[in-house]
Amino acid sequence: MDELDFSEQIAALRATFNDIRSVIDVDRLRADIADLSEQAGVPDLWDDTERAQKVTSALSHRQSDLARVESIASRLDDLEVLVELANGENDQESADEAGVELASIQKIIGELEVQTLLNGEFDPRPAVVTIRAGAGGVDAADFAEMLQRMYLRWAEQHSYSATVLDTSYAEEAGIKSTTIEIDAPYAFGTLSVEAGTHRLVRMSPFNSAGKRQTSFAAVEVVPLIEQTDVIEVPDNDIRVDVFRSSGPGGQSVNTTDSAVRITHLPTGIVVSCQNEKSQIQNRAAALRVLQSRLLLLQREQEAATKKEFAGTITASWGDQMRSYVLAPYQMVKDLRTEYEVGNPSHVFDGDIDGFIAAGIRWRKQKPKD
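Fair warning: this is a prediction, and the values are worked out from it, not measured in the lab.

> Can you break down the overall build of the protein chain residue by residue, with the values?
Helices and strands together make up the secondary structure of the protein chain, namely nine helices and eleven strands. Nonlocal contacts in the protein chain, meaning residues at least 24 apart in sequence, comprise 64% of its contacts between residues at least 6 apart. Surface exposure of the protein chain reaches about 19300 Å², of which carbon and sulfur atoms provide 47%.

Right, dumping it as structure tokens:
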């Protein structure tokens, strides 16, 4: 076999990895783990269940981050040994294994590099994703449901917790809107680049003439607030409506009027929740989402930039950020980053990491307004 030379690739990976380590600050990470471990060891920790869950979750995430960094360092060392072995013994099997391992490490370091770009104030928070059907009639409603499934499948593939808080079903097919809470480290920072108008072009299954149809859906992403965030919502600023939850076609989901809709009168923001079994739980969940949106609005006003997070999304011609074309050819393309994929079915099945990574890098490089 020809001599294997991965020296340039390994040197480049080490340089990138060293930059990542400095951003992550491994010493601080170890200090955080020691502090959280001490908190987790307090005998009465679980007297406060909510605080205990936050401490143990934070500890688990930091331990995972440290383990990943240490694993990469070890794998880079092992890769160099494997290359030497392949060359020293003219071993094709070791050479093949080294090539596979190099590609794997490149992928992991690339993902870790993207995460280090998520340094915004709210980036570490869970995300609240709202999808609304836009122009395009029943096709738009169907498209909104396709996007809902796409984000739920993405969360499932990453083992992230995803909860559908509310869904408003369209009359013929699809959905008018849906709100999903995704609880994972850096969920908001990761998914915030998905916010905008998404456009679908396909041969409409709802058009008897079989004509090509263009439809739109808006995606809004906001960070979920924590109890430490001070967003007071006076009772006289909201109107609470209670109604019966319903599924597709108007079928009753439960027999009590447990679904809750909260309207914030000063801003006109409306939030619904029908996921929980009791009216009290739905009211608490809806209020939390309302507070998240009010927090976002407050930060936007303070920064004097209405489009910093969710932006103004009209879900129609002229402002789309991504196109999903199913006819006359197959292509999903992000119009901001130029990143594209020729297999829409994989994308709709949750394979959107490439779009997210490209979006995060694009946002970091974009000149500030």
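Let's pick the thread back up.
> Please provide a residue-by-residue account of the packing of helix H2 (residues 26–40) against helix H3 (residues 49–88), values included.
Here H2 crosses H3 at 145 degrees, and the two axes come no closer than 9 Å. Seen from above, H2 lies across H3 with left-handed handedness. Residues Val26, Leu29, Arg30, Asp32, Ile33, Leu36, Ser37, Gln39 and Ala40 of H2 lie in contact with H3, whose contacting residues are Arg51, Val55, Ala58, Leu59, Arg62, Gln63, Asp65, Leu66, Val69 and Glu70. A class-by-class count of the residues in the contact of H2 with H3 yields ten nonpolar, three polar and six charged.

> Describe the packing of aromatic side chains, with residues and values.
Within this structure, the stated rule accounts for four aromatic pairs. Both rings, one in Trp154 and one in Tyr160, keep their centres 5.4 Å apart while their planes meet at 65 degrees; by these two values the pair is edge-to-face. Note on Tyr160: relative accessible area 28%, which makes it partly exposed. Each ring, one from Tyr324 and one from Phe348, has its centre 5.1 Å from the other, and the planes form 25 degrees; the classification is stacked. On the criterion of sequence distance, the pair formed by Tyr324 in strand E9 (residues 320–325) and Phe348 in helix H8 (residues 344–348) is long-range, its members being 24 residues apart. Residue Tyr324 shares its accessibility class with Phe348, and that shared class is buried.

> Tell me about H3, and please be specific about residues and values.
End to end, H3 covers 57 Å across 40 residues, agreeing with the expected 58 Å (1.5 Å per residue, within 8%). Listing the buried residues of H3 in full gives Ala52, Val55, Ala58, Leu59, Leu66, Val69, Ile72, Leu76, Leu79, Leu82, Val83 and Ala86. Each element contacted by the buried residues of H3 is listed here: helix H1 (7–24), H2 and helix H4 (92–116). Just downstream of H3, Asn90 is the residue with a positive phi angle, here 50 degrees.

> For the sheet that holds strand E1 (residues 127–133), give the residues involved together with the corresponding values.
Whether parallel or antiparallel, the strands of a sheet pair through hydrogen bonds between backbone atoms. Overall, mixed pairing links the eight strands, which are arranged E2-E3-E1-E5-E4-E9-E10-E11 in an open sheet. Here the strands that pair on one side only, and so sit at the sheet edges, are strand E2 (161–169) and strand E11 (340–341). Strand direction decides the pairing type here: E1 and strand E3 (residues 175–183), joined by six bridges, are antiparallel. Each bridged residue has a counterpart across the sheet, and for Thr130 the counterpart in E3 is Thr179. Contacting E1, E2, E3, strand E4 (196–203), strand E5 (212–223) and E9, helix H5 (residues 137–157) crosses the sheet at an angle of about 45 degrees to E5.

> Hey, could you go over the side chain of Gln148 for me, with residue numbers and the actual values?
Inspection of the secondary structure puts Gln148 in helix H5. Side chain to side chain, Gln148 and Thr178 meet in a polar contact 2.9 Å long. Residues contacting Gln148, with those up to four places away along its chain left out, are Ile131, Val164, Thr167, Ile175, Thr178 and Ile180.

> If you had to explain the nonpolar core to someone new, which residues and values would you point to?
Counting residues in hydrophobic clusters, the biggest one holds 55 residues, and the most contacted among them are Leu147, Leu191 and Tyr324. Discounting residues that sit within four places of it in the chain, Leu191 has contacts with Ala127, Val129, Tyr151, Trp154, Ile182, Val221 and Ile356. Core analysis: the second largest hydrophobic core is formed by 31 residues, Ile10, Leu66, Leu82 and Ala95 among them.

> Give a detailed account of the pairing of E2, specifying residues and quantitative values.
By the bridge criterion, eight bridges tie E2 to E3 in an arrangement that is antiparallel. When the bridges of E3 are listed, Thr163 appears paired with Glu181. In this structure, the hairpin formed by E2 and E3 is closed by a connection of five residues, where Gly174 is found at a positive phi of approximately 75 degrees.

> Before we move on, can you summarise the sheet that holds strand E6 (residues 238–243) with the specific residues and values?
One open sheet holds the three strands; their spatial order is E6-E7-E8, and the pairing between them is antiparallel. Each edge of the open sheet is held by one strand with a lone partner, namely E6 and strand E8 (269–273). This sheet shows a mean twist of 15 degrees between the axes of neighbouring strands, independent of strand direction. Examined bridge by bridge, strand E7 (residues 259–264) and E8 share five bridges and lie antiparallel to one another. Across the sheet, residue Ile262 finds its bridge partner in E8, namely Val271.

The rules behind these values
- Residues numbered from 1 in each chain as written.
- Predicted model: local features only at pLDDT ≥ 70, side-chain atom pairs only at ≥ 80, totals over all residues.
- Heavy atoms only, no water.
- Helix = DSSP H or I, 4+ residues; strand = E, 2+ residues; numbered from the N terminus.
- Contact = heavy atoms within 4.5 Å.
- Areas by Shrake-Rupley, 256 points an atom, 1.4 Å probe, with all protein chains shown as cover.
- Axes fitted to C-alpha atoms, helices over the stretch in contact; angles between N-to-C directions.
- Left-handed = near helix turned anticlockwise from the far one by under 90°.
- Nonpolar A, V, L, I, M, F, W, Y, C, P; charged D, E, K, R; others polar.
- Phe/Tyr/Trp six-rings, centres within 6.5 Å; stacked < 30°, edge-to-face > 60°.
- Buried < 20%, exposed > 50% of the residue type's maximum accessible area, 1.4 Å probe, protein only.
- Expected span 1.5 Å × (residues − 1).
- Pairing = 2+ DSSP bridges.
- Polar contact = N/O pair within 3.5 Å; in protein donor to acceptor, adjacent residues only side chain to side chain.
- Core = buried A, V, L, I, M, F, W, Y, C linked by side-chain atoms within 4.5 Å.

Coordinates in, geometry out; function isn't part of it.
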